[in-house]
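# Fold and contact review
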Amino acid sequence: MKLLHEKDTMTTEERLQAVINLQVPDRVPCCPFIYYFAAFYAGITVYELWSEPSKYRMAMEKCLNELGPWDVYYPVNPRYPELYTFIMPMKAKWPGRELPVNSIHQLLEEEVIKVEDYEWIASLNKRIPRLTYIPFYLKIIGRAWDDIGEGWRTYSHMLPRLVRQLTTWRYEFEMMKRKGVTTLYGFLPEAAFDTFSLGRGLTNFVRDLRDRPEAVRLAAEELTEGYAFACRLITAITGVPRVEIFVHRSSNDFLSPKTFREVSFPSLKGLVDRLVADGIRCVLHLDGNWDLNLETLRELPAGNVVAQFDGPTDIFLAKEVIGDRICIMGDVPADMLCLASPTEVDEYCHRLIEGVGKGGGYIMGAGCEIPPNARAENVRAMIDSVTKYGYYQT
Amino acid sequence: MPDNISSLIAEIEEEQTLEAVREALSRETDPLSLVAALRDGVAVVGERFESKEYFLPELIMAGEIFKEAINLIDPYLKGETSDSRGTVVVGTVQGDIHDIGKNLVVTMLRCNAFEVHDLGIDVAPEAFVEKVRETGARLVGMSGLLTLAFDAMKNTVEALEEAGLRDRTKIIIGGGPINETVLKYCRADAYGKDPTEAVRLANSYLG
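Before going into details, it helps to say that this report is about the structure given with it.

Reading guide: rules and limits
- Residues numbered from 1 in each chain as written.
- Chains lettered and ligands numbered in written order.
- Predicted model: local features only at pLDDT ≥ 70, side-chain atom pairs only at ≥ 80, totals over all residues.
- Heavy atoms only, no water.
- Helix = DSSP H or I, 4+ residues; strand = E, 2+ residues; numbered from the N terminus.
- Rg over C-alpha atoms; globule rule 2.2 N^0.38 Å.
- Buried < 20%, exposed > 50% of the residue type's maximum accessible area, 1.4 Å probe, protein only.
- Contact = heavy atoms within 4.5 Å.
- Areas by Shrake-Rupley, 256 points an atom, 1.4 Å probe, with all protein chains shown as cover.
- Lys, Arg positive; Asp, Glu negative; His and termini not counted.
- Charge placed at Lys NZ, Arg CZ, Asp CG, Glu CD.
- Pairing = 2+ DSSP bridges.
- Axes fitted to C-alpha atoms, helices over the stretch in contact; angles between N-to-C directions.
- Buried area = accessible area lost by both parts, 1.4 Å probe.
- Salt bridge = Lys/Arg side-chain N within 4 Å of Asp/Glu carboxyl O.
- Polar contact = N/O pair within 3.5 Å; in protein donor to acceptor, adjacent residues only side chain to side chain.
- Nonpolar A, V, L, I, M, F, W, Y, C, P; charged D, E, K, R; others polar.

Our focus in this paragraph is the overall build of chain B. Looking only at helices and strands, chain B has nine helices and five strands in total. Start at the N end of chain B and walk to the C end: the helices and strands fall as α-α-α-α-β-α-β-α-β-α-β-α-β-α. Its C-alpha radius of gyration of 18 Å places chain B within 12% of the 17 Å reference for a compact globule of 207 residues. With the C-alpha coordinates aligned to their principal axes, the bounding extent of chain B is approximately 55 × 35 × 25 Å. A total of 207 residues make up chain B; the buried ones form 55% of that total. Within chain B, contacts between residues at least 6 apart in sequence are counted, and of these 72% link residues at least 24 apart. Split by element, the accessible area of chain B, about 9,000 Å² in all, is 46% carbon and sulfur. Distance from the positive charge centre (21 side chains) to the negative charge centre (36 side chains) of chain B: 6 Å.

Here it is, written out as structure tokens:
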């Protein structure tokens, strides 16, 4: 793999490995989470971005060539809307289908996981413990997308699409590698507990936490072996031994620290431990405020996990509490990328590099995704900051 | 008895609260006093949420219990209503269909005796203007989770200005990415990070 910048002494993959290992790299790596933004920047519709791989690649290359390059590619490009359900197990409205072609997809808080599914998962795990992930998710997809149908119809619809997605990714990751850019992960599941929260609908799930918290906890743990198997298989196909685990609803915006620790965390830790034992590093996408959960995160295996924060968490506090065990990523806020000046973005990034990047173990990035209406000059300022301020003195 | 109901809903005891309400109604307790008791209990829930003793699940459950209890009490009200603290128009702005936060705000405002007109999701600026004109509402609450909501919020503020309604209407905004920077960009009056803050702002503007 070639070096990205003249002053670099590490490849992007070496740099990423170093920060996850909590070692000091040659400089801070940058991983902007770009998807919708690419459509707006390249002048194509959102519908085209995701339904036409060649246009997606054009848009991504335009961003890379004109605003970058950056170190780490963050792939969220489902070729088919149903595949997005693997990240967000919910009904959705999609650009070019239910929404105008240039809209952002939107999620609906409706039940696609039923309360009886907690027991069904337990029975599934008894019969096929390593294979639970696909049947479980295809059941959700069949309910979430009315035009597919359930049962064998979901399988016949989805399996070819899954194969196409994985081969697309394999090709894209190789393409990025040739440009000197490494890829953050080879697969991206939602954490099991959070899957239930999203799929049950929030009010139903709140009742589940009240009326049957043990059933929720156990069902999430029952899925762990199947999740781990799916992660091993899919990362082997895509060629990147890292997994992004979306943890959308375990922050303190949704749960007390006690509920997180007792009901959500066991299955999350179970999955991370299994994957790390197999040599697969984990990136945790931690939306919302995690300030009161940080101590619990210390129980994750040191030097093998990235925690991506999106703004509400005090990232400087996170560095203090978990920075000796967990690599931290983030958190240039969405509103700053949209409304601030490049100078303000530059200053904040400098502060992040000095504070959170101290001693290594840090990846520069936006809080969550780069917003579709981010100012291009602000995105460039964020990417440039790592070569401006991010080289470590040796 | 009403004190008992306040405590029960404050403790998020769903079945016991509803049973207590049924029992009180059977003994011909003044229904408005029961509504007041429920509201007092929800106020305690709000305080516990702010002090981080309670979190979102408790807030949601308090709202659910309140709604169920009001459904039991409604037939006994015979057209009586408790005094409203004021009228509020709430909606998720144009281009955005997320509504968890907005729905919680609506519930909490109603729990706190505000008359709320919920416009739903993907609400055009003109719809906010029309409802403010129709109801005489002096407070508008706008919700948005997407960054694309920033411009929709700004456009709605401008629409209220053009309609000559801005001076007598306070505007509060909320949602994931909303902060001081967005507030200044949209030229709204205040922002809230959670439903209890929305209630506090409503009390300060309309109380």
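Moving on, we come to the overall build of chain A. The helix and strand inventory of chain A stands at 17 helices and nine strands. Computed over the C-alpha atoms, the radius of gyration of chain A is 20 Å, within 12% of the 21 Å expected from 2.2 N^0.38 for a compact globule of 394 residues. Within chain A, buried positions represent 62% of all 394 residues. Within chain A, the 53 negative side-chain charges are centred at a point lying 5 Å from the centre of the 45 positive side-chain charges.

A few words now on the side chain of T224 of chain A. Tracing the backbone through its elements, the reader meets T224 of chain A in helix α11 (residues 224-238). What T224 of chain A contacts, discounting residues up to four positions off in sequence, is S267, G270, L271 and R274 of chain A.

Once that is clear, we can look at the sheet that holds strand β5 (residues 242-246) of chain A. Residues and elements named next belong to chain A. With parallel pairing, five strands are arranged side by side in an open sheet as β5-β6-β7-β8-β9. Of all strands in the sheet, those bounded by a partner on one side alone are β5 and β9 (362-366). Across the sheet, the mean angle from the axis of one strand to that of its neighbour is 20°, orientation sign disregarded. Pairing analysis gives three bridges linking strand β7 (residues 305-309) to strand β8 (residues 327-332), with the strands arranged parallel. Bridge pairing in β8 links A307 to I328. Where helix α1 (residues 12-20) meets the sheet, it contacts β5, β6 (281-286), β7, β8 and β9, and its direction lies at approximately 55° from that of β5. On the sheet, helix α12 (residues 257-277) packs against β5, β6 and β7 and is oriented at approximately 175° with respect to β5.

What follows concerns the interface of chain B and chain A. One frequent convention defines the size of an interface as the accessible area lost when the parts assemble. Across the boundary between the two partners, chain B contributes 24 residues, which contact 26 residues of chain A. When chain B packs against chain A, close to 2,100 Å² is buried across both sides, 69% of that on carbon and sulfur atoms. Of all residues in chain B, F55, I97 and L148 of chain B bury the most surface against chain A, accounting for 26% of the area lost on that side. Residues R207 of chain A and E68 of chain B are paired through a salt bridge, measuring 3.0 Å at the closest nitrogen-oxygen approach. Counting across the chain B and chain A interface gives eight residue pairs in polar contact (both at pLDDT 80 or more). Across the side of chain B that touches chain A, the residue classes break down as 14 nonpolar, five polar and five charged.

Now for the environment of E50 of chain B. All names here are of chain B. Here E50 shows up in helix α3 (residues 31-50). In this structure the C-alpha to C-alpha distance between E50 and E197, which are 147 residues apart in sequence, comes to 8.7 Å. The contacts of E50, once residues within four sequence positions are left out, are T196 and R200. A distance of 3.4 Å separates polar atoms of two side chains, one belonging to E50 and the other to T196.

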